[in-house]
Amino acid sequence: MLIFKKIQPLQQHLSSITNNQFIGFVPTMGALHKGHLSLIKEAKKENQTVVASIFVNPTQFNNTSDLKNYPRTIDTDIELLKSEGCDIVFIPTIDEMYDHIKSEHFDFDGLDNVMEGRFRERHFDGVGTIVKRFFEIIKPHNAYFGEKDFQQLQIIKKIVSKLGLTIKIIGCEILREDDGLAMSSRNTLLTEEQRKNASFIYKTLKEAKLQFKNHSPHNIINWVKDQFENHPFFKLEYFQIVDEKTLLDIKEKDNTKKFRAFIAVFANNVRLIDNIEL
Ligand code: AMP
């Protein structure tokens, strides 16, 4: 596996790849787990060259202590990517990616006004800025994003369509721990007790999915709020049932549309998100 820290040698290497070969790209912020590696696996199926990036992007953090505490395990990450058969890893510095640490402003047609966008101010402008920059540098044919961050996946698809890019965006299913907790780099920040109890989040989502068959969204939302009321470990930030396409709250059930439930909770200062198709 080749490791690049600078744009210029990376681009020089990529330009030597022949025209009819596909480049697949998997952006990450490191602290890799099996969820990330599943994206590499998908990319390997469809591309001759797989490029992963590891970059903790400052402009997508609205909270400085979250950025400071974000787990960093670069040596293990490199070993994991190697063992997964990743061809190239790009690990740039902040200076390499930004002249000024500032995000561009995007019009995501409202996809950024809800859920993560509502609670993390300008988060998606930061995501859009860095992903667009990576796309310009790497020029992949295919790029892989997890449904764990489903709103982000929709936003990336929106950027690609608005900018008229020819990159195919592939959404990959959520990988979970044995007890159902969605794999996340932030799980390592949980205390032993929080971790033991964290399967509660997915259990609640699964129960909400069951209830969706014969209960109103309003009642399900209230039921979920009740579950977290006075919970000893987790504080609910939001639970919403939305149309997958618009990410707007469900008005009424409609068999022609797909709906998904989204949740964000705090375990002290560690923020966890998850979602489920309904
Ligand atoms: P991150 O390093 O958290 O920015 O994640 C990098 C990519 O991995 C994003 O596209 C995430 O959606 C994806 N990802 C993170 N966790 C999981 C998971 N549990 N299952 C599948 N994909 C994931």
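The written sequence of each chain sets the order in which its residues are numbered from 1. Thresholds applied to this predicted model are a pLDDT of at least 70 for local features of residues and 80 or more for the giving and counting of side-chain atom pairs; totals over whole chains, interfaces and linings are not thresholded and use all residues. Only hydrogens and water are set aside; all other atoms, that is, all heavy atoms of the structure, feed into the side-chain values.

Peer 1: Mind showing me how you'd approach the site of the ligand here?
Peer 2: In the region of the ligand, 17 residues are neighbours, and Met29, His36, Asp149, Leu175 and Met183 sit closest. Between the ligand and histidine 36, the relevant distance is 2.9 Å, taken from an oxygen atom to a side-chain nitrogen or oxygen of the residue. Strands here are runs of E lasting at least two residues and helices are runs of H or I lasting at least four, both read from the DSSP assignment and numbered beginning at the N terminus. Put simply, the parts of the chain that give the shell around the ligand at least two residues each are strand S2 (23–28), helix H2 (34–46) and strand S5 (142–146). With 3 residues, H2 is the largest single contributor of residues to the shell around the ligand. We call a residue near a molecule or strand as soon as one heavy atom of that residue lies within 4 Å of the molecule or strand. Whenever two N or O atoms come within 3.5 Å, that pair is a polar contact, provided that in protein one can donate a hydrogen and the other can accept it, and provided that, for residues adjacent in sequence, both atoms are side-chain atoms.

Peer 1: I'm lost on the packing of helix H1 (residues 7–15) against helix H7 (residues 123–138) in this one. Help?
Peer 2: Working note: a packed helix pair is described by the angle between its axes plus the distance between those axes. Only the contacting stretch of a helix is used when fitting its axis, a line to C-alpha atoms as for every element, and angles between N-to-C directions run 0 to 180 degrees. Axis separation between H1 and H7 bottoms out at 9 Å; the angle between their running directions is 50°. Considered as vectors, H1 and H7 are oriented oblique to each other. Residues Ile7, Leu10, Gln11 and Leu14 of H1 form the contact with H7, whose own contacting residues are Arg133, Glu136, Ile137 and Ile138. For the contact of H1 with H7, a count of residues per class yields 5 nonpolar, 1 polar and 2 charged. Here is the rule for angles: anything less than 35 degrees is roughly parallel, anything more than 145 is roughly antiparallel, 65 through 115 is roughly perpendicular, and the remaining ranges are oblique. Contacts are assigned to residue pairs that have any heavy atoms within 4.5 Å of one another. Polarity classes work like this: nonpolar for Ala, Val, Leu, Ile, Met, Phe, Trp, Tyr, Cys and Pro, charged for Asp, Glu, Lys and Arg, and polar for all others, with Gly in that last group.

Peer 1: I keep staring at the nonpolar core and nothing clicks. Help me out?
Peer 2: One broad trend across soluble globular proteins is that nonpolar side chains are buried collectively. In this text, buried Ala, Val, Leu, Ile, Met, Phe, Trp, Tyr and Cys residues form a nonpolar core when linked through side-chain atoms within 4.5 Å. Burial status follows relative accessibility: with a 1.4 Å probe on protein chains alone, a residue under 20% of its type maximum counts as buried, one over 50% as exposed, and anything between as partly exposed. Core analysis: the largest hydrophobic core is formed by 42 residues, its most contacted members being Phe90, Phe135, Ile138 and Ile169. Going through the elements one at a time, H1, S2, strand S4 (88–90), H7, S5, helix H8 (150–163), strand S7 (235–243) and strand S8 (259–267) are the ones with two or more residues in this core. For isoleucine 138, the residues in contact, after removing those within four places along its chain, are Leu10, Leu14, Ile23, Phe25, Val51 and Phe90. By size, the runner-up hydrophobic cluster in this structure holds 23 residues, among which are Tyr202, Phe212, Phe239 and Ile263.

Peer 1: Explain the pattern of salt bridges to me, please; I cannot follow it from the model alone.
Peer 2: A pair can form between side chains of opposite charge whenever their charged atoms are brought close. For this analysis, a salt bridge means a side-chain nitrogen from Lys or Arg found within 4 Å of a carboxyl oxygen belonging to Asp or Glu. Tallied over the entire structure, the rule returns 18 salt bridges. Across the pair aspartate 66 and arginine 120 runs a salt bridge whose closest N-O atoms are separated by 3.9 Å. Of the two residues, aspartate 66 sits in helix H3 (residues 64–69) while arginine 120 sits in the loop between helix H6 (115–119) and H7, which places them 54 residues apart along the sequence. Given the relative accessible area of 19%, aspartate 66 is considered buried. Notably, a salt bridge pairs lysine 162 with aspartate 107, separated by 3.5 Å at the nearest N-O pair. Taken together, the residues span a long stretch of sequence, with lysine 162 in helix H8 and aspartate 107 in the loop between helix H5 (94–97) and H6 at a distance of 55 residues. Salt bridges here are not isolated pairs; linked through shared partners, they connect Asp107, Asp109, Lys158 and Lys162.

Peer 1: Explain the sheet that holds S8 here, please?
Peer 2: Note on sheets: strands pair through backbone hydrogen bonds, and any given pair is parallel or antiparallel. Think of it this way: DSSP has to see at least two bridges between two strands before they count as a pair. On the basis of which strands lie adjacent, the open sheet formed by 3 strands has the order S7-S8-S9 and antiparallel pairing. The open sheet is flanked by S7 and strand S9 (270–277), the only strands paired with a single partner. Neighbour to neighbour, the strand axes of the sheet diverge by 15° on average, direction disregarded. As defined by bridge partners, S8 adjoins S9 across 8 bridges and the pair is classed as antiparallel. The residue bridging alanine 267 from the neighbouring strand is valine 270, located in S9.

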